[in-house]
Amino acid sequence: QVQLTESGGGFVQPGGSLRLSCATSPSIGSFNAMGWYRQAPGNQRELVAAILRIGGDRIIYGDFAEGRFTISSDSATNTVDLQMNSLKPEDTAIYYCNAGIVVDQKPYDYWGQGTQVTVSS
């Protein structure tokens, strides 16, 4: 059974930083892709950052995240972290950890419960 558990959300002032962490079960090596998405009220869920593990590791970021956010993974602790710097009010959203597995050419997606990030003065 796949379990993704987020932590690290909270309230921060504009310009501040937060670090989100996603603990995975089974180990992160079991997944073909891991990443973070976010969803603000009234908006669709959007990609923040992801590590793709098909044919080698590749990292992708949403346009808004480039230069401000950094995704990383640690196989020793089975965590995928998202460091967010220079936060803006428009970054306010629920942030979700995502893991994907391809089995027999079929993709399977798994989601954490989400963690709230609020950026406000």
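Our subject is the structure listed above.
The text that follows walks through the structure, step by step, so that each part is easy to find. (Residues numbered from 1 in each chain as written. Predicted model: local features only at pLDDT ≥ 70, side-chain atom pairs only at ≥ 80, totals over all residues. Heavy atoms only, no water.)

## Quick word on the state of the cysteines
Rule in force here: Counting rule for disulfides: a pair of cysteine sulfur atoms within 2.5 Å. Under the DSSP-based scheme used, a helix requires at least four consecutive residues in state H or I and a strand at least two consecutive residues in state E, with every element numbered from the N terminus. Residue exposure (1.4 Å probe, protein chains only): buried if accessible area is under 20% of the type maximum, exposed if over 50%, otherwise partly exposed.
For the structure shown, the criterion picks out 1 disulfide. Disulfide pairing places Cys 22 opposite Cys 97 at an S-S distance of 2.0 Å. An S-S torsion of about -80° defines the bridge between Cys 22 and Cys 97 as left-handed. Here Cys 22, found in strand 3 (residues 18-25), pairs with Cys 97, found in strand 9 (residues 93-103); they are 75 residues apart in sequence, far enough to count as distant. Its relative accessible area of 0% is what places Cys 22 among the buried residues. In this structure Cys 97 comes out as buried when scored by relative accessible area, which is 0%.

## Concerning the packing of aromatic side chains
Our working rule: Classification of ring pairs rests on two measures: the distance between centres of Phe, Tyr or Trp rings, Trp counted by its six-membered ring, which must be within 6.5 Å, and the angle between planes, read as stacked under 30 degrees, edge-to-face over 60 and tilted in between.
Scanning the model with the defined rule gives 3 aromatic pairs in all. Ring plane angle 70° and centroid distance 5.1 Å describe the contact between Tyr 37 and Trp 111, whose orientation is recorded as edge-to-face. Here the residue Tyr 37 occupies a position in strand 4 (residues 33-39), and Trp 111 occupies one in strand 10 (residues 106-111), the gap between them amounting to 74 residues. Residue classification places Tyr 37 among the partly exposed residues on the basis of a relative accessible area of 23%. With a relative accessible area of 36%, Trp 111 lands in the partly exposed category. Geometrically, the ring pair formed by Tyr 96 and Trp 111 is edge-to-face, given 6.5 Å between the ring centres and 90° between the ring planes. Here Tyr 96, found in strand 9, pairs with Trp 111, found in strand 10; they are 15 residues apart in sequence, far enough to count as distant. Overall, the relative accessible area of 12% leaves Tyr 96 in the buried class. Here the aromatic cluster, defined as three or more aromatic residues joined through ring pairs, consists of Tyr 37, Tyr 96 and Trp 111.

## Quick notes on the sheet that holds strand 1 (residues 3-7)
Selection criterion: For two strands to be treated as a pair, DSSP must find at least two bridges joining them. Axis definition: a line fitted to C-alpha atoms, over the contacting stretch in the case of helices. Angles run 0 to 180 degrees between N-to-C directions.
In space, the 4 strands of this open sheet follow the order 1-3-8-7, with antiparallel pairing throughout. Edge positions in the sheet fall to strand 1 and strand 7 (69-74), since each has one partner strand and no second. Neighbour to neighbour, the strand axes of the sheet diverge by 15° on average, direction disregarded. Direction of pairing for strand 3 relative to strand 8 (residues 79-84): antiparallel, over a ladder of 6 bridges. In the strand pairing of strand 8, Leu 18 is matched with Met 84.

The analysis is restricted to geometry; functional conclusions fall outside its scope.
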